[in-house]
Amino acid sequence: ILKIDTEGCEVSILKALSSLDKIGYVFFEYHSENDRMELDKFLTEKFYLFFCNIHRPHRGTCGYVSKRITGQFPELIEEPIRTRNEESCDRTKK
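What comes next is a walk through the structure. Position numbers for residues count from 1 along each chain, tracking the sequence in the order it is written. Confidence filtering applies because this is a predicted model: local features only for residues at pLDDT of at least 70, side-chain atom pairs given and counted only at 80 or more, and all residues used for totals across whole chains, interfaces and linings. Side-chain measures here rest on the full set of heavy atoms in the structure, leaving out hydrogens and waters.

## Focus on the overall build of the protein
Then step 1. When its secondary structure is counted, the protein shows four helices and six strands.
Then step 2. The helix count covers DSSP runs of H or I at least four residues long, the strand count covers runs of E at least two residues long, and both are numbered beginning at the N terminus. For the protein, the succession of helices and strands along the chain, N to C, is β-α-β-α-β-β-α-α-β-β.
Then step 3. Between buried and exposed lies partly exposed: a residue is buried under 20% and exposed over 50% of the maximum accessible area for its type, with that area taken using a 1.4 Å probe on protein chains only. The 94 residues of the protein split such that 26% are buried.
Then step 4. Total accessible area computed for the protein in this model is approximately 6600 Å², and 53% of it derives from carbon and sulfur atoms. Only the protein chains shown count as cover for residues, and the accessible areas themselves come from Shrake-Rupley with a 1.4 Å probe.

## Some thoughts on the pattern of salt bridges
Then step 1. Here a salt bridge means any side-chain nitrogen of Lys or Arg lying within 4 Å of a carboxyl oxygen belonging to Asp or Glu. Using the criterion set out here, one finds three salt bridges in the structure.
Then step 2. In this structure, Glu38 engages Lys15 in a salt bridge whose closest nitrogen and oxygen atoms are separated by 2.7 Å. Residue Glu38 is found in helix α2 (residues 33-43), and its partner Lys15 is found in helix α1 (residues 10-16); the two are separated by 23 residues along the sequence.
Then step 3. Using a relative accessible area of 33% as the deciding quantity, one classes Glu38 as partly exposed.
Then step 4. Using a relative accessible area of 45% as the deciding quantity, one classes Lys15 as partly exposed.
Then step 5. For the salt bridge of Arg36 with Glu33, the shortest nitrogen-to-oxygen distance reads 2.5 Å. Of this pair, Arg36 and Glu33 both sit in helix α2, three residues apart, which is roughly one turn of the helix.
Then step 6. Residue classification places Glu33 among the partly exposed residues on the basis of a relative accessible area of 27%.

## Some points on α2
Then step 1. Every buried residue of α2 is listed here: Asp35, Arg36, Leu39 and Leu43. Relative to the axis of α2, the buried residues are bounded by an arc of 100 degrees and lie together on one face. Counted as exposed and oriented over 90 degrees from the buried face of α2: Asn34 and Lys41.
Then step 2. We call two residues in contact whenever any of their non-hydrogen atoms come within 4.5 Å of each other. Close packing links the buried residues of α2 with α1, β2 (25-30), β3 (47-56) and β4 (59-66). Each C-beta atom gives one direction from the helix axis, and the arc is the one those directions make.

## Overview of the pairing of β2
Then step 1. Residues Val26, Phe28 and Tyr30 point to one face of β2 and are all buried, whereas Tyr25, Phe27 and Glu29, pointing to the other face, are not buried.
Then step 2. Relative to β2, strand β1 (residues 2-4) is paired through three bridges, and the arrangement is parallel. In the strand pairing of β2, Lys3 is matched with Phe27.
Then step 3. Whether a crossover is right-handed comes down to one check: with the strands pointing away from the viewer, does the path from the first strand over the helix to the second run clockwise; if it does, it is right-handed. Taken together, β1, α1 and β2 form a β-α-β motif whose crossover is right-handed. At least two bridges found by DSSP between two strands are what make those strands a pair.

## A closer look at the pairing of β4
Then step 1. Taking burial as the measure, the eight residues of β4 include six buried ones, the bulk of the element.
Then step 2. Across six bridges, β2 lies against β4 in antiparallel orientation. The partner of Phe27 across the bridge, within β4, is Gly63.
Then step 3. Pairing analysis gives eight bridges linking β3 to β4, with the strands arranged antiparallel. Residue Ile54 lies in a different strand from β4, and its bridge partner there is Gly60.
Then step 4. Between β3 and β4, which follow one another and run antiparallel, lie two residues, and His58 among them has a positive phi close to 70 degrees.

This is a description of form; function is not addressed.
Listed below in structure tokens is the structure:
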């Protein structure tokens, strides 16, 4: 598990890691929408977005689970995501 809350330095820290292969879960707090989008683009190759809580504009927390783990436990991505107003979103669509 990797948890990062570095007040805006999350992008540079994640990109500086030599490998994410041994990490099963990544949790971070973001401080700008640009950072959130950049982190999502960076993580999407090896991770699925598992949750994202938006606290206010440009602030929130996100969690990603490794595709390696979801390969072992496919039920993690089979259920639809529920938003706060209980609308269903399909995780398998981009």
